[in-house]
Amino acid sequence: MIKNISNLGDSALYCDFGNDVNREINSKVLKYFKNIKKKNIEGITNLTPSYNKLIISFDLKVTNYKILKKLIEDLELNKIEKLENNKIKIPICCEKEFALDIKRLEKNLKISEEKIHEKFFSKEYFCYMTGFIAGLPFLGDLDLSLKTKRLETPRVKIPKGSVGLAEQFCNIYTFESPGGWNIIGNSPLNIFDKTNEAKPNLINPGDTVIFEKISKAQYEKYND
Amino acid sequence: MIKNYFEVIRPGINTTFQDLGRNNLYHIGIPFSGAMDNRNFILANSIAGNKENTPVIEFAYQGPLLKFKGEKINFNITGNVSFNLIKKEGPIEGNCYQNYTLEEGDQLDIFSTNKSVYGYLAICGTFEVQFQWNSCSTNTKANVGANNGKKIEKDQLINILDIHSENSKRRLEYINTKIENIRVIKGTNFDYFSDKGKKNFFEKYFTVTKLSDRMGMRLEGDKIENAVNTNIKSEGIIKGVIQVPADGNPIIMLSDHGTIGGYPKIGVVISADYDKLVQLPPGSKIKFQEIELPEAEMLFKLYQMETKNLILKIK
């Protein structure tokens, strides 16, 4: 299922599952990720699944590329491994003060704010991966009419909870961070909880996300 | 029991608690973190007579000014660092890689790292710190780790849990050497770059810029021209990866890097050169040199052996 394994530097394996981004390829990546994680292979320090790649980092003091490559190539995948799929509802408020890029989007996509909301809230989104910053989910796929580029100059600070669009994906900034996605609203929900070590991320790869529009009043009362 | 602690009179520029870092969290977006210069971290704990993964204080450029309250404590500093012990009798100039004793009211003034970036303060004992995912390493971007994930601040107190004093005279003769040639293995997107871009990458000098921190080191030099696409589908990143965004200036990912990135990877710094790379301050000139995987693995073994030999030389 892995198309090619190569080395990324001297202490990581780069597993390539193809160039396309779709749920089928991503499920293969996640299947490998879950299987390898469960096996607790000696020397592996980190696994990073993404849309269509899996990076396996290891401790060069304990193992090396050749040994691990062989191990992964010979890995027997557990066939019944079913991906956990939780459905998560995310409330977002799209009031002007939170929708930093809505005007830009109206102009670039040539559709109205109402239409953007209609298209955005009518879909369910699949979580392909989490990362960049702690807990940030990469969700897809957006309706084709919402496909858009990143900002040419990324913002230095994007407020915590911001929901952004870029290409065919959307995300949620789990804490204040730099970033270049087009912000359409803000969620009062805490997506990353560092105090919950066993399960810090509310949204995990394989989960489905539904966005729910809330008013400013609901937003303000949300965490009371 | 007497309470031992440091009072932070001046925190320094980027002073944090660090240990060997945390594993197995890239998939949720949390980087490895840990001491930037692994060898100097290990030497600090070895000279102090601590267990290898004991939390230390890492500082960058200007270090902290600390006042000791309590009975007595031994400590050492590693790196290339200028510091004074301010005792009742007057100031004493300190040497790195050597244990000293602080008594009630004494101050430790770590003014600066010299022609380098990071230094380490290890006490013969343990700081009282919080652990998250089995590590105290502070990631100030995600606010994870000791001190609520924040830098050490002015006026805060740093509590000391336990003290051992049998190693008060231990020291090591060692001088950090600098490197100019950084050895790299070609990255997974090496072919994204034009012939001229590839040539520039391995032949020209690059300057370390001021926009460098624990997350990454930004370089400036002759542009590395992209011939395919300045973006890739976002994918995982590891420490040492050299990404080249659209502007053609390389960025080397360091210990607190974002776990996912979308710029082409031209190369990866070999593990053996990482500790010395992170010690290059802004303005330093570096040149990349290509090597193959087997050589990189051998160089790492050699580097590990050197570190072990240094530990054996501590007296």
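Student: Just to check I follow, could you spell out the interface of chain B and chain A for this structure?
Tutor: How big an interface is tends to be stated in terms of accessible area lost as the parts join. Residue-level contacts link 38 residues of chain B with 44 residues of chain A. Summing both sides of the interface, chain B and chain A together bury roughly 3,400 Å²; the carbon and sulfur share of this comes to 59%. Counting the surface chain B buries against chain A, the share from its top three residues, His 27, Trp 133 and Ile 260 of chain B, is 19%. Here chain B and chain A share zero salt bridges between them. Counting the contacts that link chain B with chain A gives 14 residue pairs in polar contact (both at pLDDT 80 or more). Those elements that provide at least two residues to the side of chain B that touches chain A are β16 (235-236), β20 (265-269) and α4 (293-312) of chain B. In terms of residue count, the dominant contributor to the side of chain B that touches chain A is α4 of chain B (five residues).

Student: What exactly am I supposed to notice about the pattern of salt bridges here?
Tutor: Side-chain pairing between opposite charges can occur once the charged atoms of the two side chains come close. Using the criterion set out here, one finds 27 salt bridges over all chains in the structure. For Asp 109 of chain B, the salt bridge identified is with Arg 10 of chain B, shortest N-O distance 2.8 Å. With Asp 109 of chain B in strand β9 (residues 107-113) and Arg 10 of chain B in strand β1 (residues 4-10), this residue pair connects regions lying 99 residues apart in the sequence. According to the relative accessible area criterion, Arg 10 of chain B is partly exposed, its value standing at 22%. A salt bridge links Glu 203 of chain B to Lys 199 of chain B; the shortest N-O distance between them is 3.9 Å. One end of the pair, Glu 203 of chain B, and the other, Lys 199 of chain B, are both in helix α2 (residues 195-203), four residues apart, so they sit about a helical turn from each other. Members of the salt-bridge network, linked through shared partners, are Glu 97, Lys 216 and Glu 220 of chain A.

Student: Mind showing me how you'd approach the domain arrangement of chain A here?
Tutor: Residues and elements named next belong to chain A. According to the domain assignment, chain A consists of domain 1 (4-79) and domain 2 (87-222). Distance from the C-alpha centre of domain 1 to the C-alpha centre of domain 2: 29 Å. Listed as interface residues are eight residues of domain 1 and, on the opposing side, nine residues of domain 2. The tally of links between domain 1 and domain 2 comes to one residue pair in polar contact (both at pLDDT 80 or more). Ranked by residues supplied to the side of domain 1 that touches domain 2, first place goes to helix α1 (residues 23-39) with three residues.

Student: Mind showing me how you'd approach the sheet that holds β1 of chain B here?
Tutor: Strands belonging to one sheet form pairs held by backbone hydrogen bonds; the direction of such a pair is parallel or antiparallel. All names here are of chain B. Across the sheet, seven strands lie side by side as β7-β6-β9-β4-β1-β12-β11; this open sheet has antiparallel pairing. Each edge of the open sheet is held by one strand with a lone partner, namely β7 (90-93) and β11 (125-127). Strand after strand, the sheet turns through a mean of 25° between neighbouring axes, direction not considered. Two strands pair when backbone bridges link them, and strand β6 (residues 81-87) and β7 are joined in this way by four bridges, in the antiparallel orientation. Pairing of Ile 86 across the sheet is with Pro 91, part of β7.

Student: Help me understand the packing of aromatic side chains, please; the structure alone is not making it clear to me.
Tutor: In this description, a pair of aromatic rings is defined by centroid distance and the angle of the planes. This model, assessed by the stated rule, comprises 22 aromatic pairs over all chains. Look at Phe 138 of chain A and Trp 181 of chain A: their rings are 5.9 Å apart centre to centre, the planes differ by 75°, and that puts the pair in the edge-to-face class. Taken as a pair, Phe 138 of chain A in strand β7 (residues 137-140) and Trp 181 of chain A in the loop between β11 (177-179) and β12 (182-186) lie far apart in primary sequence, 43 residues in all. Of the two residues, Phe 138 of chain A and Trp 181 of chain A, neither departs from the other in class, the shared state being buried. Geometry around Tyr 274 of chain B places Lys 239 of chain B over its ring, the cationic atom sitting 4.2 Å from the centre.

The rules behind these values
- Residues numbered from 1 in each chain as written.
- Chains lettered and ligands numbered in written order.
- Predicted model: local features only at pLDDT ≥ 70, side-chain atom pairs only at ≥ 80, totals over all residues.
- Heavy atoms only, no water.
- Contact = heavy atoms within 4.5 Å.
- Buried area = accessible area lost by both parts, 1.4 Å probe.
- Salt bridge = Lys/Arg side-chain N within 4 Å of Asp/Glu carboxyl O.
- Polar contact = N/O pair within 3.5 Å; in protein donor to acceptor, adjacent residues only side chain to side chain.
- Helix = DSSP H or I, 4+ residues; strand = E, 2+ residues; numbered from the N terminus.
- Buried < 20%, exposed > 50% of the residue type's maximum accessible area, 1.4 Å probe, protein only.
- Domains from an automatic or database assignment.
- Pairing = 2+ DSSP bridges.
- Axes fitted to C-alpha atoms, helices over the stretch in contact; angles between N-to-C directions.
- Phe/Tyr/Trp six-rings, centres within 6.5 Å; stacked < 30°, edge-to-face > 60°.
- Lys NZ or Arg CZ within 6 Å of the ring centre and 35° of its normal.

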